[in-house]
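Residue-level structural notes
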Amino acid sequence: MGGVVILGVFVADTAFRAKRQPRMGETVLGESFSLGPGGKGSNQAVACGRLGAEVAFLTRLGRDAFADMARSVWAEAGVTPVVVETETATGAAAILIDDATGENAIIIAPGAAAEISIADVDAEVERLRAADVFLTQLEQPIEVAAYALRLAHEAGVATILNPAPAAALSDDVLRHCTFITPNESEAEALTGLPVRTEDEARRAAERLRALGAGTVVMTLGAEGALLHGQGVSERVPAFNAGPVVQTTGAGDAFNGGFAAALSRGEDPLCAVRCGCATAGLSVTRAGAAAAMPSAAEVDALLAR
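**Here's the deal with the pattern of salt bridges**
Going through the model one piece at a time under the given rule, you end up with 20 salt bridges. Arg63 serves as the salt-bridge partner of Glu87, at 2.3 Å between the closest nitrogen and oxygen. Of the two residues, Glu87 sits in the loop between strand S5 (79-85) and strand S6 (90-98) while Arg63 sits in the loop between strand S4 (55-61) and helix H2 (65-77), which places them 24 residues apart along the sequence. A salt bridge links Arg264 to Glu266, with the nearest nitrogen and oxygen atoms 3.0 Å apart. Classification of Arg264 by relative accessible area gives partly exposed; the value is 43%. A single network of salt bridges, built from pairs that share partners, joins Arg63, Arg71, Glu85 and Glu87.

**With respect to the pairing of strand S11 (residues 215-219)**
In terms of residue burial, S11 counts as a mostly covered element, since five of its five residues are buried. Summarising the sheet, strand S10 (residues 179-180) and S11 pair through two bridges and their orientation is parallel. If you follow Phe179 over to S11, its bridge partner there is Thr215. Pairing analysis gives four bridges linking S11 to strand S12 (residues 225-229), with the strands arranged antiparallel. Within the sheet, the bridge partner assigned to Val216 lies in S12 and is His228. Hairpin connection from S11 to S12: five residues lie between these consecutive antiparallel strands, with Gly221 at a positive phi of about 60°.

**A few points about the side chain of Thr159**
With respect to the helices, strands and loops of the structure, Thr159 is situated in strand S9 (residues 158-161). Judged by its relative accessible area of 0%, Thr159 is buried. Looking at Thr159, its side chain comes within polar contact range of the main-chain nitrogen of Thr178, at 2.8 Å.

**Regarding the nonpolar core**
Grouped together as the largest cluster of nonpolar side chains are 47 residues, with contacts concentrated most on Trp74, Phe258 and Val272. Dropping the residues within four chain positions of it, Val272 is found in contact with Val217, Ala225, Leu227, Val236, Phe254 and Phe258.

**Description of helix H10 (residues 268-282)**
With 15 residues, H10 should reach 21 Å at 1.5 Å per residue; the first-to-last C-alpha distance of 21 Å fits that figure. Of all 15 residues making up H10, eleven are buried, and the element is well covered by its neighbours. For H10, the complete set of buried residues consists of Ala271, Val272, Cys274, Gly275, Cys276, Ala277, Thr278, Ala279, Gly280, Leu281 and Ser282. Considering only its buried residues, H10 is in contact with S11, S12, strand S13 (232-236), helix H9 (250-263) and helix H11 (295-303). Residue Asp267 occupies the N-cap position of H10, its side-chain oxygen lying 3.0 Å from the main-chain nitrogen of Leu269.

**Let's talk about the packing of aromatic side chains**
A complete count under the given rule lists five aromatic pairs for this structure. Relative to Phe33, the ring of Phe16 lies with its centre 5.0 Å away and its plane at 50°, an arrangement referred to as tilted. Taken together, the residues Phe16 in strand S2 (residues 11-18) and Phe33 in strand S3 (residues 32-38) connect sequence positions 17 residues apart.

**Overview of the layout of surface pockets**
What the largest pocket holds in volume is close to 1300 Å³. Lining the largest pocket are 48 residues; nearest its centre among them are Asn183, Thr247, Gly249, Ala250 and Gly251. For the lining of the largest pocket, the secondary structure elements donating two or more residues are S2, helix H1 (40-50), S6, strand S7 (104-111), helix H7 (184-191), H9 and H10. For the lining of the largest pocket, the element with the highest residue contribution is H9, accounting for five residues. Approximately 200 Å³ is the volume attributed to the second largest pocket. Along the wall of the second largest pocket there are 18 residues; nearest its centre are Ala15, Ser34, Gln246, Gly287 and Ala288. Listing elements by their share of the lining of the second largest pocket, those giving two or more residues are S2, S3 and S6. In terms of residue class, the lining of the second largest pocket is made up of ten nonpolar, six polar and two charged.

**Considering the sheet that holds S13**
Taken in spatial order, the nine strands of this open sheet run S5-S4-S1-S8-S9-S10-S11-S12-S13, and their pairing is mixed. With one partner strand each, in any of the chains shown, S5 and S13 form the two edges of the open sheet. Two elements, strand S1 (residues 4-7) and S4, share four bridges in a ladder whose sense is parallel. Among the inter-strand pairings, Val4 is bridged to a residue of S4, identified as Val55. Where helix H8 (residues 198-210) meets the sheet, its contacts fall on S10, S11, S12 and S13, and the angle it forms with S12 comes to roughly 40°.

Analysis parameters
Residues numbered from 1 in each chain as written. Predicted model: local features only at pLDDT ≥ 70, side-chain atom pairs only at ≥ 80, totals over all residues. Heavy atoms only, no water. Salt bridge = Lys/Arg side-chain N within 4 Å of Asp/Glu carboxyl O. Helix = DSSP H or I, 4+ residues; strand = E, 2+ residues; numbered from the N terminus. Buried < 20%, exposed > 50% of the residue type's maximum accessible area, 1.4 Å probe, protein only. Pairing = 2+ DSSP bridges. Polar contact = N/O pair within 3.5 Å; in protein donor to acceptor, adjacent residues only side chain to side chain. Core = buried A, V, L, I, M, F, W, Y, C linked by side-chain atoms within 4.5 Å. Contact = heavy atoms within 4.5 Å. Expected span 1.5 Å × (residues − 1). Phe/Tyr/Trp six-rings, centres within 6.5 Å; stacked < 30°, edge-to-face > 60°. 1 Å grid on protein atoms, 1.4 Å probe; cavity = no way out; pocket = protein on both sides within 12 Å on 5 of 7 lines; lining within 4 Å. Points joined across faces, edges and corners; volume = space filled by probe spheres on them. Nonpolar A, V, L, I, M, F, W, Y, C, P; charged D, E, K, R; others polar. Axes fitted to C-alpha atoms, helices over the stretch in contact; angles between N-to-C directions.

In short, geometric facts, not functional conclusions.
Here is the structure:
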């Protein structure tokens with residue numbers, strides 16, 4: 001089998017654009033509305049698939065129109081679905097986008113994917129152990145992500161934990177992470193240390209390594225990403241692929257590009273560059289999964 005195996009959530013993204021985000025208790029008139037595929041795990045799988053990686057996505061779906069949307073976008077991206085169906089509705093997310101800055105705020109209700117279980121992982125244990133790369137996040141139950149990370153890590157698979165949304169993690173979880181990919185706020189939540197400068201990012205990354213994580217790949221928004229591990233601490237600059245339209249999905253694009261590159265046998269520094277290029281292209285387009293670039297686009301940007 002090989003390739004990339006991703007455990008995560010699919011949700012339908014409902015995106016609302018307005019001149020500014022509303023304050024609590026306030027209603028503002030929106031500029032536009034869109035409905036499309038989302039969920040961190042699904043977005044990452046689509047990013048991997050569009051870059052040509054062999055990718056399987058483990059999740060749960062309901063039996064509804066949102067599930068049909070999921071299967072359609074995965075088929076277009078070349079993602080192999082490994083799905084448990086349930087009577088619970090497929091999840092959804094509300095995304096509020098500030099038209100002036102492109103920044104966003106998100107509420108996610110995982111729906112069926114909140115029921116992802118250890119039994120679901122056990123049913124695919126051979127697929128998991130045969131992977132080149134295993135990637136997961138924290139939108140599904142944390143204990144399931146931790147279990148899958150342990151199984152994959154003990155089988156010698158390169159494991160990636162994207163610790164989003166931020167949550168407390170035990171040292172036992174961290175020591176099964178070949179790579180951990182927090183953004184600045186997630187790194188602060190995990191370590192209790194500020195991350196406002198590159199030096200502070202390095203200190204937080206070293207703290208994560210002291211807690212048990214292997215190599216830290218910290219995404220730094222417009223500043224790129226920091227690769228910090230045994231004998232290496234290098235910031236990879238961001239790629240400017242054009243005007244920023246929407247930052248939704250940029251972190252997922254990075255993780256998908258990073259995982260795809262690792263599965264091709266690229267070294268971690270080259271894989272971080274691929275992740276940065278994938279994210280740089282994604283923010284020039286609207287949507288999350290819809291914004292994921294092709295391998296040809298990423299290769300062209302890297303060549304620049």
